[in-house]
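Examining the three-dimensional arrangement
Listed below, chain by chain, are the residues.
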Amino acid sequence: MSNRTGWGMTKNLFISAIGCLLLLSFLGCQTTTTSTDDWLQSDKIRVLSTTTLVDDLVREVGGEHVARLTLIAPALDPHSYELVKGDDEKIFAAHLIFYSGLGLEHGPNLHRFLRESEIAWSVGDAIIKDRPEAIVRIDGQIDPHIWMDVSLWLQGLDVVAEALEGLDPEHGAEYWERAAMYKKRLLALDAKIASMLDQVPLEKRYLVTSHDACNYFCRRYLATSEERLEGVWMERCSSPEGLAPDAQMSLRDLQKVVHELLTHKIDVIFPESNLSQDSLRKLIDIGKSSGLSIRIALEPLYADAMGEAGSNGDTYEKMMEHNARVLKENLCG
Ligand SMILES: [Zn+2]
């Protein structure tokens, strides 16, 4: 739920969030950064984003008029993140909250808070409303990893610009202008990634990762137009852990991926920056008994989060270009 005028929270929401925090305060604060105090005291528009990817959109659109803070640190799993002690202060201080949506942030307390908040805007909900046919569904479940298709994710800029304009009409034109400028850069990035992956032979364009974060990427950049039309592009990607890494992984899940590795003669699999490589090592162990020889790529992909500040994935553009380069180099090699 969202509106264009709310600076505060409803009484019910306040009570709901307090309940969450009382229940979870024993977990301790996981997201405090050195900039939190500055953000809390800033007299700019205080924007809280759930993930670094959403924060990237806010940075580009909001510019100097906003003070930004990210709730979920890059090293943490956004699928299962729960509100913890310290988050209440951030939530109550925020003028606007942006989240990825489509079920990504499904930790029960955070999910409930976002659903009930009058100042929270979902990037994914706006995209699915505008382009429902573009949303990937796995066994009826919506795949939330829309940022892995640059041409889709850039539509989130409109959500951020609309929300900021509603709160700060004086700078509305500037927000839309900044969104348009970033959109141009992202369209160029989309074409660049497609061009990089086009150089990988078709028989090598298979992507195996820890969890199903790359379906949108595979459809956009690894599959052929015929495969997209025929709806068979999904054969180009697989993972043992499913749509969320917090879900249960069975031996059957692993064997299914090993079958894909054998069928398509895949010899490299890709770790993700914020996940352990346990499931990939299990694939290697199981595959050995079938005569499979595969390696784990040395450089991880950025999937559910951008890299830490100062890394080669600390902006969305850098992260996606890094992913394209790592895939191209390893798949071609
Ligand atoms: Zn994920």
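Just above, that's the structure.
Residues numbered from 1 in each chain as written. Predicted model: local features only at pLDDT ≥ 70, side-chain atom pairs only at ≥ 80, totals over all residues. Heavy atoms only, no water.

Details of the overall build of the protein
Rules: The helix count covers DSSP runs of H or I at least four residues long, the strand count covers runs of E at least two residues long, and both are numbered beginning at the N terminus. Only the protein chains shown count as cover for residues, and the accessible areas themselves come from Shrake-Rupley with a 1.4 Å probe.
For the protein, the count of helices and strands is 14 helices and ten strands. Put simply, the protein shows about 14800 Å² of open surface, and 51% of that area lies on carbon and sulfur atoms.

Digging into helix α6 (residues 123-130)
Here is the rule we go by: Per-residue accessibility, obtained with a 1.4 Å probe over protein chains only, is compared with the maximum for each type, and a residue is labelled buried under 20%, exposed over 50%, and partly exposed between these values. Of all possible arcs, the one meant is that of the directions from the helix axis to the C-beta atoms. Pairing of N or O atoms within 3.5 Å defines a polar contact, subject to two protein rules: one partner must be a possible hydrogen donor and the other a possible acceptor, and residues neighboring in sequence count only if both atoms are side-chain atoms.
Inspection of α6 places Val 123, Gly 124, Ile 127 and Ile 128 among the buried residues, and these make up the whole buried set. Down the axis of α6, the buried set is contained in an arc of 120°. They therefore lie on one face. Residues of α6 that are exposed and point over 90 degrees away from its buried face: Lys 129 and Asp 130. N-cap assignment for α6: the residue whose side-chain oxygen lies 3.4 Å from the backbone N of Gly 124 is Ser 122.

Focus: the nonpolar core
One recurring pattern in soluble globular proteins is that nonpolar side chains are buried together. Going by this rule: Take the buried Ala, Val, Leu, Ile, Met, Phe, Trp, Tyr and Cys residues and link them wherever side-chain atoms come within 4.5 Å; each set so joined is a nonpolar core. Residue ranges for the domains trace back to a domain assignment, done automatically or taken from a database.
Formed by 69 residues in total, the largest nonpolar core has its most connected members in Phe 98, Leu 197, Phe 217 and Tyr 316. Ranked by the residues each element gives to this core, the list is headed by helix α9 (residues 172-198), at eight residues. When residues of this core are assigned to domains, at least three map to each of domain 1 (11-186) and domain 2 (201-332). Counting 20 residues, the second largest nonpolar core, distinct from the first, contains Ile 91, Leu 114, Ile 119 and Ala 120.

Thoughts on the coordination of the zinc ion
Stated precisely, the cut-off is as follows: A donor here means any N, O or S atom no more than 2.8 Å from the metal (3.2 Å for Na, K and Ca); water is not included, so a site may seem to lack partners.
Coordination of the zinc ion by the protein involves His 79 (NE2), His 145 (NE2), His 211 (NE2), Asp 304 (OD) and Asp 304 (OD), with metal-donor separations of 2.0 to 2.5 Å. Counting residues between consecutive donors of the zinc ion along the chain gives the motif H-x65-H-x65-H-x92-D. Of this pair, His 145 sits in the loop between β6 (141-142) and α7 (150-153) while His 211 sits in the loop between β7 (207-208) and α10 (215-222), and the two are 66 residues apart along the sequence. Overall, His 211 belongs to the buried group, its relative accessible area being 0%.

Notes on the packing of aromatic side chains
Aromatic ring pairs are described here by two measures, namely the spacing of the ring centres and the angle between the planes. Let me state the cut-off plainly: Side-chain rings of Phe, Tyr and Trp, where Trp is taken by its six-membered ring, are said to pair if the distance between their centres is within 6.5 Å; with planes under 30 degrees apart they count as stacked, over 60 as edge-to-face, and otherwise as tilted. Here, a charge over a ring is recorded when the distance from Lys NZ or Arg CZ to the ring centre is within 6 Å and its angle to the ring normal is within 35 degrees.
Summed over all chains, the structure comprises three aromatic pairs. Measuring from ring centre to ring centre gives 6.4 Å for Trp 153 and Tyr 316, while their planes differ by 50°; the resulting arrangement is tilted. Placement of Trp 153 in helix α7 and of Tyr 316 in helix α14 (residues 316-332) is noted, with a sequence separation of 163 residues between them. With respect to burial, Trp 153 and Tyr 316 carry one shared label: buried. Here the guanidinium or amino end of Arg 219 rests over the ring plane of Trp 233, the centre of that ring lying 5.7 Å away. For the cation-ring pair, Arg 236 lies above Tyr 206, with the distance from its terminal atom to the ring centre recorded as 4.8 Å.

With respect to unusual backbone geometry
The backbone phi angle of Leu 102 is positive, close to 60°, even though this residue is not glycine. Checked against the element boundaries, Leu 102 lands in the loop between β3 (96-99) and α5 (108-116). Accessibility expressed as a relative area gives 10% for Leu 102, which makes it buried.

Thoughts on the side chain of Asp 304
Basically, it comes down to this: The convention is simple: Lys and Arg are positive, Asp and Glu are negative, and His and the chain ends are not counted. Whenever Lys or Arg places a side-chain nitrogen within 4 Å of a carboxyl oxygen from Asp or Glu, that contact is recorded as a salt bridge. Should any heavy atoms of two residues lie within 4.5 Å, those residues are considered in contact.
Note on placement: Asp 304 falls in the loop between β10 (295-296) and α14. Buried within the structure, Asp 304 lacks any salt-bridge partner; its nearest side chain of opposite charge belongs to Arg 219, at an N-O separation of 15 Å. A polar atom in the side chain of Asp 304 sits 3.2 Å from the side chain of His 145. A polar side-chain atom of Asp 304 sits 3.1 Å from a polar atom in the side chain of His 211. With residues near it in sequence (within four places) discarded, Asp 304 still touches Leu 53, Asp 77, Pro 78, His 79, His 145, Trp 147, His 211, Ala 213 and Asn 274.

Here's the deal with the sheet that holds strand β4 (residues 120-122)
What links the strands of a sheet is backbone hydrogen bonding, and the strands pair in either a parallel or an antiparallel sense. Stated formally: Two strands qualify as a pair provided that DSSP identifies no fewer than 2 bridges between them. Every axis corresponds to a line fitted to the C-alpha atoms, with the helix fit spanning only the stretch in contact, and the corresponding angles, defined between N-to-C directions, vary from 0 to 180 degrees.
Across the sheet, four strands lie side by side as β2-β1-β3-β4; this open sheet has parallel pairing. Looking along the sheet, the strands with just one partner apiece sit at the ends: β2 (66-70) and β4. The sheet shows a mean angle of 25° between the axes of neighbouring strands, taken without regard to direction. Two elements, strand β1 (residues 45-49) and β3, share three bridges in a ladder whose sense is parallel. Looking at the pairing, Val 47 lines up with Leu 96 of β3. Where helix α3 (residues 52-62) meets the sheet, its contacts fall on β1, β2 and β3, and the angle it forms with β2 comes to roughly 175°.

With respect to the packing of helix α8 (residues 156-167) against α9
Rules: In what follows, roughly perpendicular refers to angles from 65 to 115 degrees, roughly parallel to angles under 35, roughly antiparallel to angles over 145, and oblique to any angle outside these ranges. Amino acids outside the nonpolar list (Ala, Val, Leu, Ile, Met, Phe, Trp, Tyr, Cys, Pro) and the charged list (Asp, Glu, Lys, Arg) are all regarded as polar, and Gly is one of them.
Following both chains from N to C, one finds α8 and α9 inclined at 170°, their axes separated by 9 Å at the closest point. Relative to α9, α8 is oriented roughly antiparallel. Across the interface between the two elements, Leu 157, Asp 158, Ala 161, Glu 162, Leu 164 and Glu 165 from α8 touch Gly 172, Tyr 175, Trp 176, Ala 179, Tyr 182, Lys 183 and Leu 186 from α9. Looking at the contact of α8 with α9, its residues break down into eight nonpolar, one polar and four charged.

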